[in-house]
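# Descriptive analysis of the structure
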Amino acid sequence: MTLLEVSMLTKKFGGLVALNNVNLELREDEILGIIGPNGSGKTTLFNIISGIYYPTSGSISFEGETISGKKPYVICRMGVARTYQLVRPFLNMSVLENVLVGACFGNGRKMDAACREEAMSILGMVNLSEYYKRPAGSLTVAQRKRLEIGRALATGPRVILLDEVMAGLNATEVDDIIALIKKIFETGIGACVIEHVMKAVSVLCNRTVVLNNGRLIFEGRPQEMSQNDEVIKAYLGTRRSEEVA
């Protein structure tokens, strides 16, 4: 079953074509990797899916219903959540309050005891339970990344869009995020992952698509990317298989 489908998606900013007739789909219970050089259109794609930008042309459907052109809060409440490259928690609010904001925004829920209990459960999943009273501004970068994921999970998503959640982390922290994404996947949530950490792409993703200059230039298994000449030229810069191992 297809959860999310992008059809002939184009986005122009004046004379700049950020996305050019992109087609892709996220299937049920699948982690889809989206990679490509900086400026290739990856985050623009997420911004359109989540409703921040309207497409110039083309469409996006979620579980068979068109979502392109809808407001971000509508798309979120339909079941599509996302994270951002630059995490921006509410620094003066507690870790728990940050997750509660996600729950109330995403589901339109009342901030009651049940909502608080669910938020604490999510903090347990992202390994932040012991910090629930602390202000979010006191967290490390890695902890803020996990809080960002927790806040997205609190919206009750069917699909989560993860935008470079491993950027700037050390090897141990990357392994922790990989384990967390696997745990999320096991709960039945589909995921799209924008990432430059090739180890993570290879370990996590069932399929990958590669964008370059707004065009989709590859779709297939992560291990096949190192054998594709266009991907090598645009992104990998080498044919060595260990680059995606």
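Scope of this entry: the structure provided in the associated data block.

Conventions used here
- Residues numbered from 1 in each chain as written.
- Predicted model: local features only at pLDDT ≥ 70, side-chain atom pairs only at ≥ 80, totals over all residues.
- Heavy atoms only, no water.
- Helix = DSSP H or I, 4+ residues; strand = E, 2+ residues; numbered from the N terminus.
- Rg over C-alpha atoms; globule rule 2.2 N^0.38 Å.
- Buried < 20%, exposed > 50% of the residue type's maximum accessible area, 1.4 Å probe, protein only.
- Contact = heavy atoms within 4.5 Å.
- Areas by Shrake-Rupley, 256 points an atom, 1.4 Å probe, with all protein chains shown as cover.
- Lys, Arg positive; Asp, Glu negative; His and termini not counted.
- Charge placed at Lys NZ, Arg CZ, Asp CG, Glu CD.
- Pairing = 2+ DSSP bridges.
- Axes fitted to C-alpha atoms, helices over the stretch in contact; angles between N-to-C directions.
- 1 Å grid on protein atoms, 1.4 Å probe; cavity = no way out; pocket = protein on both sides within 12 Å on 5 of 7 lines; lining within 4 Å.
- Points joined across faces, edges and corners; volume = space filled by probe spheres on them.
- Nonpolar A, V, L, I, M, F, W, Y, C, P; charged D, E, K, R; others polar.

## Regarding the overall build of the chain
For the chain, the count of helices and strands is eight helices and 10 strands. Its C-alpha atoms give the chain a radius of gyration of 18 Å, within 12% of the compact-globule value 18 Å for 245 residues. For the C-alpha atoms alone, the extent of the chain along its principal axes is close to 55 × 40 × 35 Å. Burial analysis of the chain (245 residues in total) assigns 51% to the buried set. Taking the contacts inside the chain whose residues are at least 6 apart along the sequence as the reference set, 64% of them involve residues at least 24 apart. Summed over all atoms, the accessible surface of the chain reaches about 11000 Å², with 49% contributed by carbon and sulfur. In the chain, the 28 positive side-chain charges and the 26 negative ones have mean positions that sit 6 Å from each other.

## Here we look at the sheet that holds strand 3 (residues 31–35)
Here six strands make up an open sheet; going across it, the order is 6-7-8-3-9-10 and the pairing mixed. Strands at the two margins of the open sheet, each flanked by one partner only, are strand 6 (80–82) and strand 10 (215–220). Across the sheet, the axes of successive neighbouring strands diverge by a mean angle of 20 degrees, strand direction being ignored. By the bridge criterion, four bridges tie strand 3 to strand 9 (residues 207–212) in an arrangement that is parallel. Bridge assignment links isoleucine 35 to a residue of strand 9, and that residue is valine 210. Helix 8 (residues 229–236) contacts strand 3, strand 9 and strand 10 of the sheet and is inclined by roughly 120 degrees relative to strand 10.

## Side note on the pairing of strand 3
Counting buried residues along strand 3, five of its five residues qualify, which places the element largely inside the surrounding structure. Burial along strand 3 is two-sided: the face carrying Ile31, Gly33 and Ile35 and the face carrying Leu32 and Ile34 are both buried. Looking at chain direction, strand 3 and strand 8 (residues 190–194) are connected through four bridges and run parallel. Note on strand 8: the bridge partner recorded for leucine 32 is cysteine 192.

## Some points on the side chain of serine 94
Residue position: serine 94 is located in the loop between strand 6 and helix 3 (95–107). Its relative accessible area of 13% is what places serine 94 among the buried residues. Contacts of serine 94, omitting those with residues within four sequence positions, involve Tyr132, Lys133, Arg134, Pro135 and Ala136.

## Quick word on the layout of surface pockets
The calculated volume of the largest pocket comes to roughly 580 Å³. Taken together, 23 residues line the largest pocket, and the ones lying closest to its centre are Arg82, Tyr84, Phe105, Glu148 and Arg151. Secondary-structure elements contributing two or more residues to the lining of the largest pocket are helix 1 (42–49), helix 2 (72–78), strand 6, helix 3 and helix 5 (141–153). Of the residues belonging to the lining of the largest pocket, the class tally is 12 nonpolar, six polar and five charged. Its boundaries defined by the atoms lining it, the second largest pocket holds a volume of some 170 Å³.

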